[in-house]
Amino acid sequence: MSEIKDIQQHPKVEIAVENFGPIAEASIDLRPLTVFIGPSNTGKTYFATLVYALHGAFNDLSHSSILSPLVESETVVDILSELLTGLTTPKGEIQEILNKLNIVERPFKLSDLSKEIRQKLGTITKDKDFFREELRNEIKNCFDLNSISKLMRLTGEQHNKLIVLLKVDERIQAYWRISLRYSEAEVDLDNFLFSLDSPTYDDMILLPKGWSASGELLVDDNRVLIRNFDYPLAQSRYYLPAARSGIMQSHRIIASSLVKQATRVGMERSSELPTMSGIMADFIERIILYEEGKVSNDEMKHLAETLESDVLAGQILLKPTPSGYPDFRYRPHGIEEDIRLNQTSSMVSELAPLVLFLRSLVNPGDTLIIEEPEAHLHPGAQADMAVILARLVRAGVKVIITTHSDWMLQEIGNLIRAGELEKVGKEVSNLPISLQEEDVGVWHFQKSGKVEEIPYDRINGVEPMEYLDVAEDLYNRSARLQNRLEEVKDDSARE
């Protein structure tokens with residue numbers, strides 16, 4: 001049934017918040033397919049934005065390493081060198097540690113260090129301000145805020161303390177945890193990475209396998225030199241915002257306006273320059289700088305082609321221009337003429353960025369967040385979109401969506417049912433792909449501010465009861481109106 005490879009295995013990532021925007025309380029662990037549903041203004045976009053911010057602040061949420069937030073600079077090399085320099089630990093033990101650093105085939109664990117070195121590591125990481133500043137800046141950037149305090153949930157006249165907790169685990173192994181607590185008076189970032197007296201953290205991974213470093217002990221002054229650091233590339237994050245249709249139809253105008261404002265005259269004429277969220281800026285930048293074939297991944301290209309053929313019934317094309325600025329067109333099947341996106345249906349401009357991202361940006365292991373992938377789609381196309389998302393998940397992409405679509409949820413339930421049959425060796429001919437129950441998490445955001453998981457049910461699938469209630473109310477209303485019309489018809493006939 002599944003022509004694409006199975007889902008990649010990653011550490012479990014759990015994000016918990018309290019008093020975060022409209023969310024009073026939530027504790028969500030990210031699955032290969034994570035779905036946020038619920039009424040408007042209940043925090044779905046808030047939480048999706050937070051995931052994007054955390055991914056950026058900690059340089060990928062899939063690395064089970066407490067040092068992974070620091071890999072984009074020389075900080076990792078500095079920390080390791082500082083950690084092993086000037087210790088009372090015998091040189092033979094330090095050399096043994098350096099030998100383990102050079103083994104690419106195995107991860108480097110906390111248990112590879114002595115108790116003295118572990119204590120020094122705790123002091124070093126606690127004193128570093130990278131975690132706090134990176135997280136604060138990324139959250140403010142993604143939410144387009146001057147202060148994180150704006151995210152605190154209001155209760156009457158009182159501001160509550162905002163709490164964001166990030167945990168990364170694998171099986172029963174806890175790797176690292178970061179807790180941000182924000183009040184009007186202070187910002188407190190707890191990096192409670194490990195407890196020296198707890199065996200739970202003995203095998204906590206400091207650096208995963210696949211990286212390499214050349215370390216040597218300088219005998220003359222008892223210093224350690226670590227160089228040629230090679231860390232596994234962090235996976236990327238992508239966010240398709242709800243406003244993508246309008247952006248795709250007008251991005252040339254947006255870019256032109258930004259360029260004019262960037263001139264000295266433009267700056268002088270603008271007394272107060274408007275700003276946009278980091279998410280929107282990232283999206284627009286990727287569209288403006290888009291290059292065809294920048295990343296070649298056959299699986300993603302195949303999925304882009306499937307989306308074009310099964311849903312769009314046409315191709316998204318990139319036309320060269322003298323200026324080098326991307327000009328995107330749509331060519332329906334069976335027609336030779338290309339159509340500008342601002343002349344196409346909203347469905348085409350809505351799905352065009354997803355096609356483009358899959359064709360040249362997204363790779364297995366990346367995180368792809370999509371707001372309302374069903375927007376502007378016919379109900380049948382919404383069900384097709386659920387299959388596209390399942391294909392992405394089976395290809396190894398971590399997918400997070402916000403949705404109001406009952407049709408998509410119904411199809412996701414069907415894909416899980418197909419996965420149940422697949423487990424017992426039965427195939428379903430009318431579905432080309434399946435999902436496993438454990439790989440899907442559906443989270444219900446509510447007006448009360450509570451977020452609860454909707455567990456899969458073989459009868460109801462993953463739909464919330466409120467959807468069923470709405471369907472029942474509509475049916476009852478229809479039945480009453482029909483009965484009333486029949487009564488009126490009978491009365492008219494008697495007259």
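Attention here is on the structure that accompanies the text. (Residues numbered from 1 in each chain as written. Predicted model: local features only at pLDDT ≥ 70, side-chain atom pairs only at ≥ 80, totals over all residues. Heavy atoms only, no water.)

Some thoughts on the pairing of strand 19 (residues 440-445)
Short version of the rule: Only protein chains enter the accessibility calculation, which uses a 1.4 Å probe. A residue is then buried if its area is under 20% of the maximum for its type, exposed if over 50%, and partly exposed in between. We count a stretch as a helix when DSSP gives it H or I for four or more residues in a row; a strand needs E for two or more, and each element gets its number in order from the N terminus. DSSP calls a pair of strands paired once it identifies at least 2 bridges connecting them.
Most of strand 19 is tucked away: 6 of the 6 residues are buried. By the alternation rule, side chains of strand 19 split into Val440, Val442 and His444 and Gly441, Trp443 and Phe445, which are all buried. As judged from the 5 bridges shared by strand 3 (residues 33-37) and strand 19, these two strands associate in the parallel manner. The residue bridging Val35 from the neighbouring strand is Val442, located in strand 19. Looking at chain direction, strand 19 and strand 20 (residues 451-453) are connected through 3 bridges and run antiparallel.

Things to note about the environment of Ser309
This is how it is decided: Within 3.5 Å is the distance limit for a polar contact, defined as a pair of N or O atoms, with the added protein rule that one can donate a hydrogen and the other accept it, and that residues adjacent in sequence qualify only through two side-chain atoms.
In this structure, Ser309 sits in helix 9 (residues 298-312). Taking the C-alpha atoms as reference points, Ser309 and Pro332, 23 residues apart in sequence, are found 9.7 Å from one another. Engagement of the side chain of Ser309 in a polar contact is seen with the backbone oxygen of Thr306, the distance being 3.2 Å. For Ser309, the side chain forms a polar contact with the side chain of Asp310, separated by 3.2 Å.

Re the packing of helix 11 (residues 379-394) against helix 12 (residues 406-423)
The cut-off we apply is this: Only the stretch in contact is used when a helix axis is fitted, and all axes are lines through C-alpha atoms; the angle between N-to-C directions ranges over 0 to 180 degrees. Roughly parallel covers angles under 35 degrees, roughly antiparallel covers those over 145, roughly perpendicular covers 65 to 115, and oblique covers all other angles. Here a crossing is taken to be left-handed if its near helix is turned anticlockwise relative to the far helix by less than a right angle, and right-handed if that turn runs clockwise. Pairs of residues are marked as contacts when any of their non-hydrogen atoms sit within 4.5 Å. Gly is put with the polar residues, along with every residue not named as nonpolar or charged; the nonpolar set is Ala, Val, Leu, Ile, Met, Phe, Trp, Tyr, Cys and Pro, and the charged set is Asp, Glu, Lys and Arg.
The contact between helix 11 and helix 12 brings their axes to 8 Å, and the two run at 45 degrees. Looking at the two axes, helix 11 sits oblique to helix 12. Here helix 11 runs over helix 12; the crossing is right-handed. Residue-level inspection shows Pro379, Gln382, Ala383, Met385, Ala386, Val387, Leu389, Ala390 and Arg394 of helix 11 in contact with helix 12, the latter providing Trp407, Met408, Glu411, Ile412, Leu415 and Glu422. The residue inventory of the contact of helix 11 with helix 12, partitioned by class, reads 11 nonpolar, 1 polar and 3 charged.

Focus on the pattern of salt bridges
How we decide: Only one rule defines a salt bridge in this text: a Lys or Arg side-chain nitrogen within 4 Å of an Asp or Glu carboxyl oxygen.
Per the counting criterion, the structure on display carries 17 salt bridges. Lys450 is the salt-bridge partner of Glu25, the closest N and O atoms lying 2.9 Å from each other. With Glu25 in strand 2 (residues 23-30) and Lys450 in the loop between strand 19 and strand 20, this residue pair connects regions lying 425 residues apart in the sequence. Relative accessible area serves as the criterion here: at 40%, Glu25 is assigned to the partly exposed category. Looking at Lys450, the relative accessible area reads 38%, which means it is partly exposed. Residue Glu438 is joined to Lys423 by a salt bridge in which the shortest nitrogen-to-oxygen separation is 3.4 Å.

Remarks on the environment of Glu291
Mapping Glu291 onto the fold places it in the loop between helix 8 (278-288) and helix 9. With a relative accessible area of 47%, Glu291 lands in the partly exposed category. Residues Glu291 and Pro326 lie 35 residues apart in sequence; the distance between their C-alpha atoms is 8.0 Å.

A look at the sheet that holds strand 17 (residues 367-371)
With mixed pairing, 6 strands are arranged side by side in an open sheet as 13-17-18-3-19-20. Edge positions in the sheet fall to strand 13 (237-240) and strand 20, since each of these pairs with one other strand and no more. The mean angle between the axes of side-by-side strands here comes to 15 degrees, regardless of whether they run parallel or antiparallel.

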